[in-house]
Structure formats: structure tokens, C-alpha cells
Amino acid sequence: MSKTTTQSSNPEFDSLVPNIPYTRRAFVITMLGVGFALATQPVMAETVIKTGTDGLIAGEIKVPVSDGEMVAYRAQPDLGADFPVILVVSEIFGVHEHIADICRRLAKLGYLAIAPELFARYGDPRKISSIQDILDNIVAKVPDAQVMSDLDACEVWAKVHGGDTSRLAVTGFCWGGRITWLYAAHNPRLKAAVAWYGRIDGVGSELTPKYPLDLAAQLKAPVLGLYGGQDQGIPLEDVEDMRAAIKKAGGKSEIHVYPDAPHAFHADYRPSYRKDAAEDGWKRMQAWLKKNGV
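Given the structure is predicted, the values throughout are model-derived calculations rather than measurements.

**A look at the pairing of strand β6 (residues 112-116)**
Here comes step 1: The buried fraction of β6 amounts to five of the five residues, a majority that puts the element mostly inside the structure.
Here comes step 2: Neither face of β6 is left uncovered, since the one carrying Leu-112, Ile-114 and Pro-116 and the one carrying Ala-113 and Ala-115 both have all their residues buried.
Here comes step 3: Across four bridges, the pairing between strand β4 (residues 68-77) and β6 is antiparallel. Counted as the bridge partner of Tyr-73 is Ala-115 from β6.
Here comes step 4: The pairing of strand β5 (residues 83-89) with β6 spans three bridges and is parallel.

In C-alpha cells form, the structure reads like this:
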């Protein structure tokens with residue numbers, strides 16, 4: 001199969017996107033749907049936060065990437081310009097209603113928020129009812145290097161479309177939390193990051209060679225890690241190991257643990273939602289972004 005790379009239409013920003021060749025493949029996801037991912041049903045309607053689009057420009061965009069166009073969700077204020085930019089990285093469920101709403105919440109705060117569909121080449125996790133199938137048949141096929149390149153491409157899109165990428169941040173949840181740590185070690189232009197319960201340690205592979213614990217000394221932007229003390233998938237020992245590694249490296253990153261919170265405590269559409277921890281984490285995120293100039 002042929003391999004190709006695609007540069008942006010603005011040569012000033014071509015150097016920002018790694019010229020990484022990937023096998024050209026059809027993008028499985030070419031449009032974003034509406035609603036919540038099938039694997040998250042039934043949705044906890046009584047706790048779901050619904051943010052409207054009044055005062056916003058919000059909806060689907062297409063981001064030029066190394067091998068075509070990647071669909072993403074964008075939200076920003078409808079008046080003004082030069083908004084600080086936040087890249088939003090989804091859980092394993094892709095860019096479904098919860099992630100779109102987070103973008104709208106951030107846009108209400110004055111940010112240009114972009115959530116790329118990073119699984120677009122491999123399948124649509126929103127349409128699969130089994131979490132294990134999503135992990136085995138989609139997530140396991142996604143190379144970290146490609147994710148980093150795709151996020152870089154979102155930075156380029158934001159720059160070309162009026163975002164102030166000198167004030168660039170990233171935040172992510174679960175799978176996206178791990179990616180957030182990795183991106184903070186990847187992009188020297190990043191100013192701040194907030195990782196929500198992202199996996200810290202694991203066994204590396206060809207596609208996912210490093211974990212946050214491996215990269216603690218290489219973080220190029222300060223990361224705020226938000227974790228649950230009752231998370232059955234992320235041992236507190238890993239959290240403490242990450243704290244120690246950050247301290248040893250002399251880094252400015254911090255980790256906050258909510259002792260009684262489980263994994264996915266910010267996911268207001270799931271039974272794991274913990275309102276107090278989620279709201280406190282949101283406030284901490286805002287303070288972290290402002291503290292670091294975003």
C-alpha cells in the first residue's frame with residue numbers, strides 16, 4: 001500500500017506537524033454523530049450536564065492530517081478573536097455527546113476547544129456496545145505517534161483559524177488522560193495540561209512504547225493530574241510513583257487525588273460520576289490553566 005503525508009495549506013505552519021508517513025487508509029469516521037456512545041448506555045439522565053450553543057460557534061470541522069482529513073468537534077465564542085486553545089482528548093468512546101459538551105463548557109469560558117476523533121481510521125467506538133470490543137478492535141490499533149501528530153495538526157488548524165496557540169493547553173479523560181501526559185512530553189509549545197485519571201504505567205508495545213511514568217523527566221509543560229482514590233484500574237502506588245518521579249525531575253506538575261472517587265468521576269453521564277469531585281476538578285483545571293498562562 002502506498003504511504004503519504006499531507007502538509008497544511010499554510011507553509012508557515014508546515015514545520016509544526018511532523019512529516020510522519022503512515023499507510024493511507026480510508027477514514028472510517030467521516031462525520032460526527034449525535035448522542036452518547038452505545039457502550040455507555042443507559043445514560044444517567046438525571047446527572048447529565050447539557051451546555052447550549054448560545055453565544056458560541058460549535059460543530060464539526062475537518063482537520064488536515066498526515067494522511068487525509070480527520071473529523072473533530074470545535075466550540076468557541078462567536079464574538080472576539082485570538083482565543084486560547086484547548087485540545088480535548090476523549091475516552092475510549094470517541095467524540096460523543098459528553099466530549100462535545102466539554103468543548104462547549106470550555107468555549108463558554110472563552111476558549112477555542114477542539115476534540116479530534118483520534119480513532120477515525122480504525123473504527124467508530126460510538127457504535128459498539130462492548131467496551132472490550134472497543135479496546136481490542138479499535139484502541140489497541142492506534143499508534144501513539146499518530147495521535148501526537150494528529151494533535152499537532154489540531155494546533156495548526158487552530159492557529160490558521162484564529163486561535164492563539166501561544167496559549168495552548170490539552171486536557172483528556174481516561175484513555176485521553178494518558179495521551180495528555182504523553183502530549184505534554186511531546187509538544188514544546190504546550191503551556192499547560194490537565195490529565196483526568198489517565199493510566200500512568202503499563203507494559204510498552206510497538207504502538208504504545210511509553211507510559212507517563214517513563215516520561216516524567218521529559219514533560220515540556222506542567223501537568224495537573226486528577227485521580228480517584230477508589231480507581232480500580234489505576235493503583236495509588238502508580239500515582240505515588242508518578243509524584244516521586246516528577247519531584248525527582250524537578251518538574252512543576254502536580255497530582256491531586258480524590259480519596260473516595262472511582263475512575264471516570266467526571267463523567268456526568270455514567271454511574272461513576274461524583275459531583276463534588278468533578279466540580280472541584282473543573283475548578284482546579286481552570287485555576288491551573290490561568291496559572292500557566294492559558
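**Considerations on unusual backbone geometry**
Here comes step 1: With an omega dihedral of -5°, the bond running from Gln-41 to Pro-42 counts as a cis peptide bond.
Here comes step 2: For Tyr-197, which is not glycine, the phi torsion reads 40° and is therefore positive.
Here comes step 3: Summarising the element assignment, Tyr-197 is placed in the loop between β8 (192-196) and β9 (223-228).
Here comes step 4: You can call Tyr-197 buried: its relative accessible area is 3%.
Here comes step 5: Not every positive phi belongs to a glycine, and Ala-264 is a case in point at roughly 60°.
Here comes step 6: Within the element layout of this structure, Ala-264 appears in the loop between β10 (254-258) and α6 (275-291).

**Observations regarding the sheet that holds β6**
Here comes step 1: Spatial ordering of the open sheet is given by β3-β4-β6-β5-β7-β8-β9-β10, a layout of eight strands whose pairing is mixed. Two strands lie at the open edges of the sheet, namely β3 (56-65) and β10, each paired on one side alone. Adjacent strand axes in the sheet meet at a mean angle of 20° when their direction is disregarded.
Here comes step 2: The sheet strands contacting helix α3 (residues 144-160) are β3, β4, β5, β6 and β7 (163-173), and the helix crosses β3 at an angle near 125°.
Here comes step 3: Contacts from helix α4 (residues 175-186) reach β5, β7, β8, β9 and β10, with the element oriented near 140° to β7.

**Some details on the nonpolar core**
Here comes step 1: One finds Val-88 and Trp-175 to be the most contacted residues of the largest nonpolar core, which totals 92 residues.
Here comes step 2: Filtering out sequence-adjacent residues up to four positions away, Trp-175 remains in contact with Val-89, Ser-90, Glu-91, Ile-92, Leu-118, Phe-119, Val-139, Val-142 and Val-147.

**Some thoughts on the packing of aromatic side chains**
Here comes step 1: Enumeration according to the criterion identifies seven aromatic pairs in this entry.
Here comes step 2: For the pair Phe-119 and Trp-175, a centre-to-centre distance of 4.6 Å together with 50° between the ring planes defines the contact as tilted. Of this pair, Phe-119 sits in the loop between β6 and α2 (131-137) while Trp-175 sits in helix α4; the two residues are 56 residues apart in sequence, bridging distant segments of the chain.
Here comes step 3: The class for Trp-175 is buried, based on a relative accessible area of 12%.
Here comes step 4: A connected cluster of aromatic rings, assembled from ring pairs, spans Phe-173, Trp-196, Tyr-197, Tyr-258 and Phe-265.
Here comes step 5: One cation-aromatic arrangement involves Arg-178 over Tyr-211; the distance from NZ or CZ to the ring centre is 4.5 Å.

**Focus on helix α5 (residues 236-249)**
Here comes step 1: Compared with the 20 Å implied by 1.5 Å per residue over 14 residues, the 20 Å span of α5 between its first and last C-alpha is a close match.
Here comes step 2: Three or more residues of α5 are buried, namely Asp-238, Val-239, Met-242 and Ile-246. Taken end-on, α5 shows its buried residues confined to a sector of 100°, consistent with a single buried face. Those residues of α5 that are exposed and angled more than 90 degrees off the buried face are Glu-237, Lys-247 and Lys-248.

Reading the values: rules and limits
Residue indices follow the written sequence of each chain, beginning from 1 at its first position. Reporting in this predicted model follows two pLDDT cut-offs: at least 70 for local features of residues, and 80 or more for side-chain atom pairs to be given and counted; totals over whole chains, interfaces and linings ignore these cut-offs and use all residues. Note that water and hydrogens are dropped before the side-chain values are worked out from all heavy atoms of the structure. Per-residue accessibility, obtained with a 1.4 Å probe over protein chains only, is compared with the maximum for each type, and a residue is labelled buried under 20%, exposed over 50%, and partly exposed between these values. Only DSSP runs of H or I with at least four residues qualify as helices, and only runs of E with at least two residues qualify as strands; both kinds are numbered from the N terminus onward. Here, a strand pair is defined by DSSP locating no fewer than two bridges between the strands. With axes taken as lines fitted to C-alpha atoms, and helix axes fitted only over the stretch in contact, angles between N-to-C directions fall between 0 and 180 degrees. Working rule for contacts: check all heavy atoms of both residues, and any pair within 4.5 Å makes them a contact. Residues belong to one nonpolar core when they are buried, are Ala, Val, Leu, Ile, Met, Phe, Trp, Tyr or Cys, and are joined through side-chain atoms within 4.5 Å. Two rings belonging to Phe, Tyr or Trp (six-membered ring only in the last case) form a pair when the distance between their centres is within 6.5 Å. Interplanar angles under 30 degrees mark stacking, angles over 60 mark edge-to-face geometry, and anything in between is tilted. Whether a charge sits over a ring depends on NZ of Lys or CZ of Arg being within 6 Å of the ring centre and within 35 degrees of the ring normal. Helix span is expected to be 1.5 Å times the residue number reduced by one. Within this analysis, the arc is defined by the directions that extend from the helix axis to the C-beta atoms.

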